[in-house]
Amino acid sequence: MADNSSSVEIVEGCRLPVLRKNQEHEDEWPLAEILSVKEVSSRKLYYVHYIDFNKRLDEWVTGDRLDMKKLQFPKKEAKTPTKNGLSGSRPSSPEREVRKSLDLNVQPATAPSRGKTLPTPKRKVEAVPLATQVSPATPVPSLPSSAEASQASVFPAVRETNTFKSREDHDQLSSLTTNGTARRLVPSQPGRKRKANCGGAEEDSQDSSDGIPTAPRMTGSLVSDRSHDDIVTRMKNIECIELGRHRLKPWYFSPYPQELTTLPILYLCEFCLKYLKSLKCLQRHLTKCNLRHPPGNEIYRKGTISFFEIDGRKNKMYSQNLCLLAKCFLDHKTLYYDTDPFLFYVMTEYDSKGFHIVGYFSKEKESTEDYNVACILTLPPYQRRGYGKLLIEFSYELSKVEGKTGTPEKPLSDLGLLSYRSYWSQTILEILMDLKPDNGERPQITINEISEITSVKKEDVISTLQYLNLINYYKGQYILTLSEDIVDGHERAMQKRHLRIDPKCLHFTPKDWSKRGKW
């Protein structure tokens, strides 16, 4: 199809099918948008974004991968006549979209059917009081109030109904992730990355008790509004990064200095994260760099895993370099220059050559909204090995020492949301399955008690219970029913989870950052 591409001029904004390989290495032709065109060695290259695909898949392609028969030229936006100078159609808002999706899930209430009660919990597939009766119309789909939800009983019983929320419910959760405050990204200098809401990915906003996001907050970490992206920040600008023994292909734009973006490989010192333009410069730097671990205090060590606490004010250069690296793999963050209000917790793996960075999370020294994580990232070479959950678990261990409940900032990335959902589910199910019957009666626990034990914020506990479809309304009270599928799935997941935080190995003393002298 290269002949067709030469006869028709393709401009930025055009849309057409582009050939790519899917996960099964089969050819597919998804619709893509042309973001940029360049000519290299008398050959045109096109930077494409696959519509409805994650931006990490964006790439430069040659003309022979374009299906010119279905070329769509960019349409000029027609301005609709307005009344009193206002647009004729109302722009969609996060609140309206959420309410709309909530309305779709509301059905007329039906009387629950009566079931046979079991005097003692048994793990066999038989009907229990809530086995067949809880229809989507019972008062459960909306979040229970704290007073009501805190009085939930636990039914370690089985029900045959579907134990997971419908796709509409999942889409509703996902639709809450775009709320944020737009800030312009300055691509010329390193700076601070402040997370906006968590996170994946991809996250449900839980800033309000009814599940509908409040207005964008103007303090703390800020989210980058995707509608304000310019063409520069929509395109990956670094081809490859060499970090220690790993070579990483960035997923997204990161504002490294412009002169470094044309290099085939950007070299980073894996200990101080300083960026250099050539291997020779890196080798010369390593003869002078005395670091063999991240700066700051080592507050946790078990086996080969260590965590270092780094003050964004005391170690400003390292913190900025860390943010620049992380921005290559986080699309929903904006970089800022000031790292002073943040603490960075870097997880490392130790070997004879030193402490190698695996991932990190940052948090505000003072958070008025109980955020215990601002940004969180596991580097690609270490993903899908349990390190993400370990970072999350460590953040909650710090919250336990501080005597607080915490929640990640929203929105989360897609991968972040998956990790947090999985961690919350496993942590809560672990507690529910350990409950013992009291005097022959079913065990009792409140939402507040779960929150206090885990340091997971109450809203996150409720949303997770709803996501797992565990909360049901029965005889005037909220109860939790654990199906056999949920129990079996949890047991299988826990068998695979080998990496855990040992609180005995944590040596951490929280500071009162409200006293400015501590800064």
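This structure is a prediction, so every number in the text was calculated from the model and none was measured. (Residues numbered from 1 in each chain as written. Predicted model: local features only at pLDDT ≥ 70, side-chain atom pairs only at ≥ 80, totals over all residues. Heavy atoms only, no water.)

## Re the overall build of the protein chain
Across its full length, the protein chain carries 11 helices and 22 strands. Counting every position in the protein chain, which comprises 519 residues, the buried fraction comes to 50%. (Helix = DSSP H or I, 4+ residues; strand = E, 2+ residues; numbered from the N terminus. Buried < 20%, exposed > 50% of the residue type's maximum accessible area, 1.4 Å probe, protein only.)

## Focus on the sheet that holds strand E11 (residues 266-268)
What the four strands build is an open sheet, ordered E10-E9-E11-E12; its pairing is mixed. The sheet is open, and its two borders are formed by strand E10 (246-248) and strand E12 (275-276), each paired with just one other strand. (Pairing = 2+ DSSP bridges.)

## Section: the packing of aromatic side chains
Counting across every chain of the model gives 19 aromatic pairs. Arranged with centres 5.8 Å apart and planes meeting at 75°, the rings of Tyr300 and Phe394 form a pair that is edge-to-face. One end of the pair, Tyr300, is in strand E13 (residues 297-302); the other, Phe394, is in helix H7 (residues 387-402), with 94 residues separating them in the sequence. With respect to burial, Tyr300 and Phe394 carry one shared label: buried. Of the aromatic side chains, those joined through ring pairs into one cluster are Tyr300, Phe307, Tyr345, Phe361 and Phe394. Above the ring of Trp60, the side-chain terminus of Lys38 is found at 4.2 Å from the ring centroid. (Phe/Tyr/Trp six-rings, centres within 6.5 Å; stacked < 30°, edge-to-face > 60°. Lys NZ or Arg CZ within 6 Å of the ring centre and 35° of its normal.)

## Description of unusual backbone geometry
Pro411 follows Lys410 through a cis peptide bond whose omega is 5°. Tracing the backbone through its elements, the reader meets Pro411 in the loop between strand E20 (407-408) and helix H8 (414-434). Positive phi is not limited to glycine here, since Ser455 has a value of about 65°. In this fold, Ser455 is placed in the loop between helix H9 (447-454) and helix H10 (458-467). Ser455 gets classed as buried once you look at its relative accessible area, which sits at 4%. Look at Asn469: it is not a glycine, yet its phi comes out positive at around 60°. Checked against the element boundaries, Asn469 lands in the loop between H10 and strand E21 (471-474).

## Some details on helix H6 (residues 316-327)
For H6, which comprises 12 residues, the first-to-last C-alpha distance of 16 Å matches the rise-based estimate of 16 Å (1.5 Å per residue) to within 8%. Burial of H6 is extensive: 10 of the 12 residues sit out of reach of the surface. Among the residues of H6, those classed as buried are Tyr318, Ser319, Gln320, Asn321, Leu322, Cys323, Leu324, Leu325, Ala326 and Lys327. (Expected span 1.5 Å × (residues − 1).)

## A look at the packing of H8 against H10
Close contact between H8 and H10 brings their axes to 10 Å; oriented N to C, the two are set at 90°. In terms of orientation, H8 lies roughly perpendicular with respect to H10. Contacts from Arg421, Trp424, Ser425, Ile428 and Leu432 of H8 reach H10 at Asp460, Val461, Ser463, Thr464, Leu465 and Tyr467. Its residues placed into classes, the contact of H8 with H10 shows six nonpolar, three polar and two charged. (Axes fitted to C-alpha atoms, helices over the stretch in contact; angles between N-to-C directions. Parallel < 35°, antiparallel > 145°, perpendicular 65-115°, else oblique. Contact = heavy atoms within 4.5 Å. Nonpolar A, V, L, I, M, F, W, Y, C, P; charged D, E, K, R; others polar.)

## Some words on the sheet that holds strand E17 (residues 354-364)
Backbone-to-backbone hydrogen bonds join strands into a sheet, with any given pair of strands oriented parallel or antiparallel. Here five strands make up an open sheet; going across it, the order is E13-E14-E16-E17-E19 and the pairing antiparallel. Among the strands making up the open sheet, the edge pair consists of E13 and strand E19 (376-378). Each strand of the sheet is rotated relative to its neighbour by a mean of 20°, with strand direction disregarded. Across three bridges, the pairing between E17 and E19 is antiparallel. Within E19, the position partnered with Gly359 by the bridge is Thr378. Docked against the sheet, H6 engages strand E14 (305-311), strand E16 (342-351), E17 and E19, running at close to 75° with respect to E16.

## Description of the nonpolar core
Core analysis: the largest hydrophobic core is formed by 78 residues, its most contacted members being Phe307, Leu325, Phe394, Leu432 and Leu465. Among the elements that make up this core, the one with the highest residue count is H8 (eight residues). Counting residues in hydrophobic clusters, the runner-up holds 13 residues, among them Val18, Ala32, Ile34 and Val61. (Core = buried A, V, L, I, M, F, W, Y, C linked by side-chain atoms within 4.5 Å.)

## Section: the packing of H8 against H9
Two elements in contact, H8 and H9, have axes whose closest approach is 11 Å; the angle formed by their N-to-C orientations is 115°. The pairing of H8 with H9 is recorded here as roughly perpendicular in orientation. Here the hand of the crossing between H8 and H9 comes out right-handed. Contacts between H8 and H9 involve Thr427, Ile428, Ile431 and Leu432 from the former and Ile450, Ile453 and Thr454 from the latter. Tallied by class, residues from the contact of H8 with H9 come to five nonpolar, two polar and no charged. (Left-handed = near helix turned anticlockwise from the far one by under 90°.)

## Points about the UniProt feature "active site" (unreviewed entry) in the protein chain
Mapped onto the present numbering, the UniProt feature "active site" (unreviewed entry) falls on Glu409. Here Glu409 shows up in the loop between E20 and H8. Residue classification places Glu409 among the buried positions, given a relative accessible area of 0%. (UniProt positions renumbered as here; feature names shortened; annotations may be inferred.)

## Details of H9
Those residues of H9 that sit buried are Ile447, Ile450, Ser451 and Thr454. For H9, the angular spread of the buried residues around the axis is 100°, confining them to a single face. (Arc of directions from axis to C-beta.)

## Some thoughts on a nonpolar patch on the surface
A contiguous nonpolar patch, built from Val8, Val11 and Phe73 and spanning about 220 Å² of accessible area, is present on the exposed surface. Inspection of the secondary structure assignment puts Val8 in the loop between helix H1 (2-7) and strand E1 (15-17). Residue classification places Val8 among the partly exposed residues on the basis of a relative accessible area of 32%. (Patch = residues over 30% accessible without salt bridge, like charges linked within 9 Å, V, L, I, M, F, W, Y side chains within 5 Å. Areas by Shrake-Rupley, 256 points an atom, 1.4 Å probe, with all protein chains shown as cover. Salt bridge = Lys/Arg side-chain N within 4 Å of Asp/Glu carboxyl O.)

## Some details on a positive patch on the surface
Where like charges cluster on the molecular surface, the positive patch consists of Lys274, Lys277, Lys280, Arg284 and Lys288. Examined against the element boundaries, Lys280 turns out to sit in helix H5 (residues 279-288). Assessed through its relative accessible area of 61%, Lys280 is described here as exposed. (Lys, Arg positive; Asp, Glu negative; His and termini not counted. Charge placed at Lys NZ, Arg CZ, Asp CG, Glu CD.)

## Focus on the side chain of Asp58
Among the structural elements, Asp58 can be located in the loop between strand E5 (43-50) and strand E6 (59-62). One polar contact links Asp58 to His49, side chain to side chain, over a distance of 2.8 Å. Apart from the residues lying within four places of it in its own chain, the contact partners of Asp58 are Leu35, Tyr47, Val48, His49, Tyr50, Arg234 and Lys236. (Polar contact = N/O pair within 3.5 Å; in protein donor to acceptor, adjacent residues only side chain to side chain.)

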